[in-house]
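Overview (structure and organization)
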Amino acid sequence: YVYYYVAPVNGDDEGYATASNAQLLGESTTLPFAESWPYQTMENGTWFRGSSRNATWYVRYKGYDPLTDAYDGTGVASCETDRDQTFGMGTFLSPRLDLTLVDNPVLKFYMYRSPEYDAGVQLAVGMDWGDGAQHLISGAVYNAHADEAGWCEISVPLDGYTHLSSVSVAFYGYVVPD
């Protein structure tokens, strides 16, 4: 994972620096691929925090607000607003995957939904192939607010991406503070 800062400099002064787009380097992982977070560590590859605006992804033992045990008892990934922010968007990127070697790939994951979440809290799923843009998957936006609390399995077909040999699944969390 590489990025750099660029700052304008003249003979007397330096301006504000701006971060470049992030680049993921390394070999792609083949499928099938599964991940969990026992003891809040990544077992099957390195996940990355991508571009974020006032929110950060964490891997923790439990989810907070509402207090939630992990679906499989190991750990949860959650997106939370940064301190004193009114709204936030955070990106969490999977290791690079090679989708060219599989027929009909499907992303499956569990999402906790609850009446305690505000109506604006959402999870969107997209793909990242390193061009710095968000590529949302059509129809893959999920509300965290639900009438009943609990984990639900979500399946997202990835058929439209089988021409990509180096791509990450991108989870975009849109959150509001408590």
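Residues numbered from 1 in each chain as written. Predicted model: local features only at pLDDT ≥ 70, side-chain atom pairs only at ≥ 80, totals over all residues. Heavy atoms only, no water.

**Notes on the confidence of the model for the chain**
With 80% of its residues at a pLDDT of 70 or more, the chain has an overall mean of 80. When the elements of the chain are averaged for pLDDT, strand β2 (residues 18-19) gives the smallest value, 68, and strand β11 (residues 135-143) the largest, 95. (pLDDT = per-residue confidence, 0-100. Helix = DSSP H or I, 4+ residues; strand = E, 2+ residues; numbered from the N terminus.)

**As for the packing of aromatic side chains**
Under the counting rule described, the total for this entry stands at four aromatic pairs. Considering the side-chain rings of Tyr112 and Trp151, the 5.4 Å spacing of their centres and the 70° angle between planes classify their relative orientation as edge-to-face. Of the two residues, Tyr112 sits in strand β9 (residues 106-113) while Trp151 sits in strand β12 (residues 150-157), which places them 39 residues apart along the sequence. Aromatic side chains Trp129 and Tyr161 sit 6.4 Å apart centroid to centroid with 40° between the ring planes, which places their arrangement in the tilted category. Linking Trp129 in the loop between β10 (122-128) and β11 with Tyr161 in the loop between β12 and β13 (168-175), this pair joins segments that are 32 residues apart in sequence. With relative accessibility at 33%, the residue Trp129 sits in the partly exposed group. (Phe/Tyr/Trp six-rings, centres within 6.5 Å; stacked < 30°, edge-to-face > 60°. Buried < 20%, exposed > 50% of the residue type's maximum accessible area, 1.4 Å probe, protein only.)

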